Amino acid sequence: DWSSDVCNIEAKVGDRGAFARGSGTFAVVVTHDEDKGTTRLRLPSGGKKTVPSGVRAQIGIVAGGGRTDKPLLKAGRAYHKYSVKRNCWPKVRGVAKNPVEHPFGGGNHQHIGHPSTVGQERPAGRKCGLIGARRTGRLRGVKKTAQDRD
């Protein structure tokens, strides 16, 4: 029983794996083109990708699927999770900071005090919140899909 589920697929020959490497992910081999020497894949994102047929891949899916289903529950687990990654935890809100540290900081109550939208041409220190927003607020109404228009 041959399965077309593959993981850790190279983008170019010899690059040692680029696609479908996250926990529980896999790509599906859709077609082989013998004449061009290419293979078409369906990636975990849903997108299609054409790679040379000579690239290597591992058969099967990556271990650890469903890892994100279980909640972290406590700060210590989040601390250890992010300590091996990069400095992105904990996230302190802008309104909780002082005015010298963030444009949303300061004031006698934790409020922004002005619109959170900001233009794309503003200087780097002012660019926080909704940058270059065309619209804000809740998306209302139903979005027309390709099937509805036909």
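Fair warning: this is a prediction, and the values are worked out from it, not measured in the lab.

Conventions and cut-offs
Residues numbered from 1 in each chain as written. Predicted model: local features only at pLDDT ≥ 70, side-chain atom pairs only at ≥ 80, totals over all residues. Heavy atoms only, no water. Core = buried A, V, L, I, M, F, W, Y, C linked by side-chain atoms within 4.5 Å. Buried < 20%, exposed > 50% of the residue type's maximum accessible area, 1.4 Å probe, protein only. Contact = heavy atoms within 4.5 Å. Pairing = 2+ DSSP bridges. Helix = DSSP H or I, 4+ residues; strand = E, 2+ residues; numbered from the N terminus. Salt bridge = Lys/Arg side-chain N within 4 Å of Asp/Glu carboxyl O.

(A) Broad picture of the nonpolar core. Residues V6, C7, I9, F19, A20, A27, V29, L41, L43, V51 and V55 constitute the largest nonpolar core, which totals 11 residues. Leave out the neighbours within four places in its chain, and V6 touches A20, F26, A27, V29, L41, A57, Q58, I59 and G60.

(B) View of the sheet that holds strand β5 (residues 58-59). Taken in spatial order, the five strands of this open sheet run β4-β3-β2-β1-β5, and their pairing is antiparallel. The open sheet has two edge strands, β4 (48-52) and β5, and neither has a second partner. In this structure, strand β3 (residues 38-42) lies alongside β4, joined through five bridges in antiparallel fashion. Each bridged residue has a counterpart across the sheet, and for R42 the counterpart in β4 is K48.

(C) How the structure looks around the pattern of salt bridges. Under the criterion given, the structure shown has one salt bridge. For R56, the salt bridge is made with E10, and the minimal N-O distance between the two is 2.8 Å. Of this pair, R56 sits in the loop between β4 and β5 while E10 sits in the loop between β1 (5-7) and β2 (27-33), and the two are 46 residues apart along the sequence.

Just distances and angles here, no functional claims.
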